[in-house]
Amino acid sequence: MIPRVLLVEDNISDIELVQTAFAESDISIELILARDGDVAISEIERRAGDAATRPILTLLDLNLPRASGLVVLGRIRSIAAYNTMPVVILSTSNYPVDRDRALAAGANDYLVKPTRFEDLLTIVKGLDQRWLKANRG
């Protein structure tokens, strides 16, 4: 079974970079895309009752149109079906207060978006090792 990853990101360039990084790393995933917080919440709620369509990992930006990343994270953590699903914040913010808030709200990790593609490849490979392989089927 190909793992599903929910990417909650509004920046099209960042979306394309993440897609390319997974492809270039030979990591097969089904990417579920939500370009704002409200769409992310709808996807999460819609898939909660069906284990076959639920993501096994969420990559979540903090600064989103409509509902913020922290609101989305709160909704994820309020649904029992997602109790064990890892949520990794992938944000441009390197402010400690943002990191602390996200981790306190239930994020499993907080990563700052890199400026170099090579560093994004390293992040994606780490996500695969830490979260995807550990949570498959």
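Anything mentioned here points back to the structure above.
A short tour of the structure in this document, coming up. (Residues numbered from 1 in each chain as written. Predicted model: local features only at pLDDT ≥ 70, side-chain atom pairs only at ≥ 80, totals over all residues. Heavy atoms only, no water.)

### Description of unusual backbone geometry
- Located in the positive-phi region is D26, a residue other than glycine, with phi close to 55°.
- In this structure, D26 sits in the loop between α1 (12-24) and β2 (30-34).
- Of the residues examined, D26 reaches a relative accessible area of 70% and is grouped as exposed. (Helix = DSSP H or I, 4+ residues; strand = E, 2+ residues; numbered from the N terminus. Buried < 20%, exposed > 50% of the residue type's maximum accessible area, 1.4 Å probe, protein only.)

### Considering the side chain of T58
- Its place among the elements puts T58 in strand β3 (residues 57-60).
- If we ignore the near neighbours within four places in the chain, the residues touching T58 are L6, V8, I76, M85, P86, V87 and V88. (Contact = heavy atoms within 4.5 Å.)

### Here we look at the side chain of D36
- With respect to the secondary-structure elements, D36 resides in the loop between β2 and α2 (37-47).
- For D36, a relative accessible area of 11% gives the class buried.
- Of note is the side chain of D36, whose polar atom sits 2.9 Å from the backbone nitrogen of D38.
- A polar contact of 3.3 Å, which involves the side chain of D36, links it to the side chain of R66.
- Once residues lying within four places of it in the same chain are set aside, the contact partners of D36 are V8, P65 and R66. (Polar contact = N/O pair within 3.5 Å; in protein donor to acceptor, adjacent residues only side chain to side chain.)

By themselves, these figures tell us nothing about what the structure is for.
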